[in-house]
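Survey of secondary and tertiary structure
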Amino acid sequence: MPPRPPYIGRPLPDLRSERSLRGQGAYVADIELPDALHVAFLRSPVAFGTIVDLDLSSALDVACVLAAHGGKDVSGLGKLSVNPVIEMLTSPSYPILAQQVVQAVGQPVAAVLGTSADSALDGCEAIRLAVDESGPPPAPDAVARQAWSNGDTKDAFANADIVVECQLQHPRLAPSPMEPRGIAVRYEPATDGVTIWHSTQTPHRTRKELAAILEIAPERITVIADCVGGAFGMKASLYPEEIFTVWAALEHKRSTRWVATRSEDFLSATQGRGVTSYGRLALSKDGQFLGLEARTDAPVGRWLPNSGLVTAWNAARILPGGYVVPSLEVETQATAQNLAPTGIYRGAGRPEANCLMERLVDKAAKASGIDPLEIRKRNLTPAHSLPSKTATGNVLDSGDYANALNLLRQHAGYDEALRIRDERRQRGALAGVGIAFYLEPSGNGWESAEVSWQSDGTIIVASGSSSQGHGRETAFAQIAADTLQVDFDAVTVRCGDTAHCPEGIGALASRSTPIGGSAVLRACNDLRAQIEAGADLPVTARCQYENDGQAWGYGCYMVSLEIDHETGEITLDRVTCVDDAGRIINPAQVHGQIRGGFAQGLGEALLEQVIYDEDGQLVTGSFMDYAMPRAVDLPPLDIHTAQTPSPLNALGAKGVGEAGTIGAPPAILNAVLDALAPLGIEDMDMPLTPSKLWQAITSAEQE
Ligand code: SMO
């Protein structure tokens with residue numbers, strides 16, 4: 001028999017898509033739990049203050065309300081853990097329901113359990129809450145900090161021919177997955193335990209954290225994350241509302257459920273970005289980078305989700321991107337304010353680091369008179385130096401960064417695009433071309449897989465990773481089918497179920513294919529060896545795989561656009577993407593990630609922004625005020641991929657889930673500022689809304 005053509009590398013359709021398209025997916029709100037009590041939360045109406053009265057008794061008079069709880073009832077519960085990726089200065093406490101003080105608008109203060117969602121809400125409205133706001137508002141304070149230093153930066157700046165600087169204020173963003181947060185808890189009388197359907201990226205973390213916070217054995221908890229309608233980092237942490245809902249099931253020995261409304265997600269789900277960053281780049285007149293100074297400050301809320309410090313960490317430690325910068329001083333800080341919590345959001349600091357670097361590089365190009373693509377090529381780490389350790393201590397694994405720019409030049413028709421831009425400019429149009437290079441470090445650590453060859457010849461792959469609609473099962477089935485030399489249809493992939501999958505981390509940080517996929521590959525190799533040695537079916541092989549270091553995806557994007565003088569509206573003509581995601585398992589999924597990531601990056605660049613007033617009241621509380629990108633906002637994307645395998649994981653894969661959100665914002669920002677350069681405009685903050693552009697254009701033209 002001729003060898004079968006490999007499944008890896010084929011754009012196979014997602015195994016879940018038919019079920020989802022037919023409306024047969026079961027999201028948390030679809031889970032039927034007879035007799036479950038619905039939970040609703042009374043939330044703080046103000047950003048700070050002391051609770052002087054909380055009277056729950058009137059809630060109990062509402063029909064169909066069974067119980068009402070305040071902070072006292074849950075004050076004994078344990079603390080949520082925080083991943084200390086940078087040095088913590090304080091150890092804030094995070095109540096499940098507010099204790100004495102309130103620290104943000106939307107913070108859960110009390111909870112009502114009713115036999116219907118409406119009765120629980122009515123119960124909340126009946127609660128009497130009085131908050132004394134007479135004290136001064138708490139000042140923002142630093143909760144964590146870290147600095148990196150390498151070489152003689154002072155000397156570099158003293159001897160530089162050119163110094164450019166840049167200050168950026170990233171808009172705060174609401175991740176807004178299609179499915180809001182939700183949890184459905186079935187009480188199990190036989191074990192006095194719970195089976196939980198949770199819309200999460202990290203079901204095993206949910207189980208572990210719940211066991212610790214509720215002080216019960218993990219064996220009493222099963223977590224199922226079957227259909228998850230998007231997450232984008234917002235569902236990598238466990239929320240107070242969710243912990244309360246599980247506590248209430250165990251307390252009342254009844255099933256419970258809570259599904260957030262969109263407004264509740266705007267108010268109290270983790271938000272992303274909001275980072276302030278400042279940088280200075282020193283270079284010689286022939287465009288050689290000599291030194292970088294940067295400071296970033298990431299906002300956090302008064303309570304930190306598990307990933308609360310990751311943005312501050314990545315926004316700094318990924319500097320200076322893929323460039324060789326011999327000397328560097330970088331520092332980052334996380335600063336707490338009485339606003340909604342922040343956490344990781346698709347890219348989680350990567351976009352912020354990249355945007356700062358790519359603005360500085362564009363300014364360096366302008367100041368030195370060197371073409372923006374050329375100055376990047378001159379300073380990027382050469383392929384022959386990889387693997388290479390950066391000045392912030394990261395190991396860049398593999399690739400050919402300069403060649404990605406060569407491919408971009410060729411596929412995007414860079415030189416022709418510049419010629420067309422210049423022609424348009426001569427006709428008085430505000431036309432711009434922007435490029436940006438980016439790095440995307442995929443996560444580090446371990447993931448697990450368990451693969452069984454059943455007696456009937458079918459294969460079951462159980463992964464510790466999970467899926468939130470991005471096709472994990474399909475890619476893992478491709479890996480298993482090729483490794484075991486079986487039909488793709490013979491493979492079933494399970495994930496997102498702590499009872500039927502091995503312990504694992506989950507779907508975040510662009511780690512699932514490089515690490516989770518490598519675990520599947522290794523387990524399949526082991527299984528195959530056992531079968532070849534003569535084992536009888538059924539046979540099971542397990543692997544807990546740990547990578548040798550982060551795989552660094554990278555790429556570069558080009559955007560050409562025109563801005564309407566009269567309205568400030570941007571028309572994106574053309575976007576070209578070149579991404580190297582290492583070994584590609586399923587090109588359709590890779591393209592889908594790039595496309596979706598670009599859409600989200602475009603949202604940040606042009607449309608989205610969470611706004612608070614000076615009292616900490618949320619102004620953008622719905623999609624009427626918070627502008628999400630729609631299909632018509634997206635230009636055609638011309639996507640090209642390179643495949644340099646990573647030597648640091650068994651599969652050779654790199655992440656691509658965050659590529660577009662990292663590459664798109666600076667490419668768009670650089671293009672817009674290129675278009676505005678003839679007017680003398682050198683800096684602007686995202687989102688680049690038509691009104692902001694129109695005002696900038698109008699005032700520049702009046703000068
Ligand atoms: S922002 Mo991602 O879910 O690590």
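Everything below is about the structure printed above this text.
Just so we're clear, the structure is a prediction, and the values are computed from it rather than from any experiment.

**Some points on the overall build of the protein chain**
Helix and strand counts for the protein chain stand at 17 helices and 28 strands. For 703 residues, the compact-globule formula gives about 27 Å, and the C-alpha radius of gyration of the protein chain, at 26 Å, lands near that figure. If you line up the protein chain on its principal axes, its C-alpha atoms span 80 × 75 × 45 Å. Looking at the protein chain as a whole, 60% of its 703 residues are labelled buried. Sequence separation of 24 or more characterises 81% of the internal contacts of the protein chain that already satisfy a separation of 6 or more. Surface exposure of the protein chain reaches about 26,500 Å², of which carbon and sulfur atoms provide 50%.

**Examining empty space enclosed by the protein**
Inspection of every chain in the model, using the stated rule, returns 6 cavities of 30 Å³ or more. The space that makes up the largest cavity amounts to roughly 120 Å³. Residue lining of the largest cavity: 14 residues in total, with Ala104, Gln107, Trp303, Leu339 and Pro341 positioned closest to the centre. Split by residue class, the lining of the largest cavity holds 7 nonpolar, 5 polar and 2 charged. Three or more residues apiece are contributed to the lining of the largest cavity by two domains, here domain 1 (31-136 + 177-231 + 235-268) and domain 2 (145-173 + 271-442 + 550-702). When its volume is computed, the second largest cavity comes out at roughly 60 Å³.

**Here we look at the sheet that holds strand E22 (residues 446-453)**
Strand order in the open sheet formed by 4 strands is E24-E23-E22-E25, with mixed pairing between adjacent strands. Since the sheet does not close on itself, it has two edges, and those belong to strand E24 (491-494) and strand E25 (539-546), each with one partner. Along the sheet, successive strands turn relative to each other by an average axial angle of 15 degrees, direction set aside. Here 8 bridges tie E22 to E25, and the two strands are oriented antiparallel to one another. The residue of E25 that forms the bridge with Glu450 is Arg542. Along the sheet, helix H13 (residues 472-484) makes contact with E22, strand E23 (459-463) and E24, crossing E24 at roughly 135 degrees. Sheet strands in contact with helix H14 (residues 512-532) are E22, E23 and E25, and its direction is about 145 degrees off that of E25.

**Let's talk about the environment of Leu113**
Take Leu113: it is sitting in strand E6 (residues 108-114). Sequence-wise, Leu113 and Thr256 are 143 residues apart; in three dimensions their C-alpha atoms are separated by 8.2 Å.

**So, a negative patch on the surface**
A grouping of Asp132, Glu133, Glu614 and Asp615 is seen on the molecular surface, where their side chains present a negatively charged patch. Structurally, Asp132 is set in strand E7 (residues 128-132).

**Brief notes about the layout of surface pockets**
The space that makes up the second largest pocket amounts to roughly 470 Å³. Every residue lining the second largest pocket is counted, 23 residues in all, and those nearest its centre are Asp362, Lys363, Lys366, Asp674 and Ala677. Broken down by secondary-structure element, the contributors of at least two residues to the lining of the second largest pocket are helix H9 (350-368), helix H12 (414-426), strand E21 (430-441) and helix H16 (659-676). With 6 residues, the single largest contributor to the lining of the second largest pocket is H9.

**Re the environment of Gly399**
Turning to its location among the elements, Gly399 is positioned in the loop between strand E20 (395-396) and helix H11 (401-412). Assessed through its relative accessible area of 11%, Gly399 is described here as buried. For the pair Gly399 and Trp552, spaced 153 residues apart in sequence, the C-alpha separation works out to 8.6 Å. If we ignore the near neighbours within four places in the chain, the residues touching Gly399 are Ala383, Leu386, Tyr554, Thr644 and Lys654.

**Some points on the packing of aromatic side chains**
The tally for this structure, following the rule as stated, stands at 14 aromatic pairs. Pairing Tyr401 with Phe437 gives two aromatic rings, centres 5.3 Å apart and planes at 55 degrees, and the pair type is tilted. Of the two residues, Tyr401 is situated in helix H11 and Phe437 in strand E21; the sequence distance between them amounts to 36 residues. Accessibility classification places Tyr401 together with Phe437 in one group, the buried group. Pairwise contacts between aromatic rings join Phe289, Tyr323, Tyr401, Phe437 and Tyr554 into one cluster.

**A short note on unusual backbone geometry**
Put simply, Leu319 and Pro320 share a cis peptide bond, and its omega is 0 degrees. With an omega of 0 degrees, the peptide bond running from Leu386 to Pro387 counts as cis. With respect to the helices and strands, Pro387 occurs in the loop between helix H10 (372-379) and strand E19 (388-389). With a phi close to 50 degrees, Ser176 is a non-glycine residue in the positive phi region.

**Quick word on the pattern of salt bridges**
As enumerated under the stated definition, the model contains 35 salt bridges in all. Among the ionic pairs, Glu188 bridges to Arg186, the shortest N-O distance being 2.9 Å. Accessibility expressed as a relative area gives 34% for Arg186, which makes it partly exposed. Between Asp674 and Arg421 there is a salt bridge; the shortest N-O distance is 2.8 Å. Taken as a pair, Asp674 in helix H16 and Arg421 in helix H12 lie far apart in primary sequence, 253 residues in all.

**Digging into the side chain of Ser646**
Locating Ser646 in the fold gives a position in the loop between strand E28 (637-642) and H16. A relative accessible area of 4% places Ser646 in the buried class. In terms of polar contacts, Ser646 uses its side chain to reach the side chain of Asp397, at 2.6 Å. Discounting chain neighbours no more than four positions away, the residues touching Ser646 are Asp397, Ser398, Ala551, Gly652, Ala653 and Lys654.

Rules and cut-offs
- Residues numbered from 1 in each chain as written.
- Predicted model: local features only at pLDDT ≥ 70, side-chain atom pairs only at ≥ 80, totals over all residues.
- Heavy atoms only, no water.
- Helix = DSSP H or I, 4+ residues; strand = E, 2+ residues; numbered from the N terminus.
- Rg over C-alpha atoms; globule rule 2.2 N^0.38 Å.
- Buried < 20%, exposed > 50% of the residue type's maximum accessible area, 1.4 Å probe, protein only.
- Contact = heavy atoms within 4.5 Å.
- Areas by Shrake-Rupley, 256 points an atom, 1.4 Å probe, with all protein chains shown as cover.
- 1 Å grid on protein atoms, 1.4 Å probe; cavity = no way out; pocket = protein on both sides within 12 Å on 5 of 7 lines; lining within 4 Å.
- Points joined across faces, edges and corners; volume = space filled by probe spheres on them.
- Nonpolar A, V, L, I, M, F, W, Y, C, P; charged D, E, K, R; others polar.
- Domains from an automatic or database assignment.
- Pairing = 2+ DSSP bridges.
- Axes fitted to C-alpha atoms, helices over the stretch in contact; angles between N-to-C directions.
- Patch = residues over 30% accessible without salt bridge, like charges linked within 9 Å, V, L, I, M, F, W, Y side chains within 5 Å.
- Salt bridge = Lys/Arg side-chain N within 4 Å of Asp/Glu carboxyl O.
- Lys, Arg positive; Asp, Glu negative; His and termini not counted.
- Charge placed at Lys NZ, Arg CZ, Asp CG, Glu CD.
- Phe/Tyr/Trp six-rings, centres within 6.5 Å; stacked < 30°, edge-to-face > 60°.
- Polar contact = N/O pair within 3.5 Å; in protein donor to acceptor, adjacent residues only side chain to side chain.

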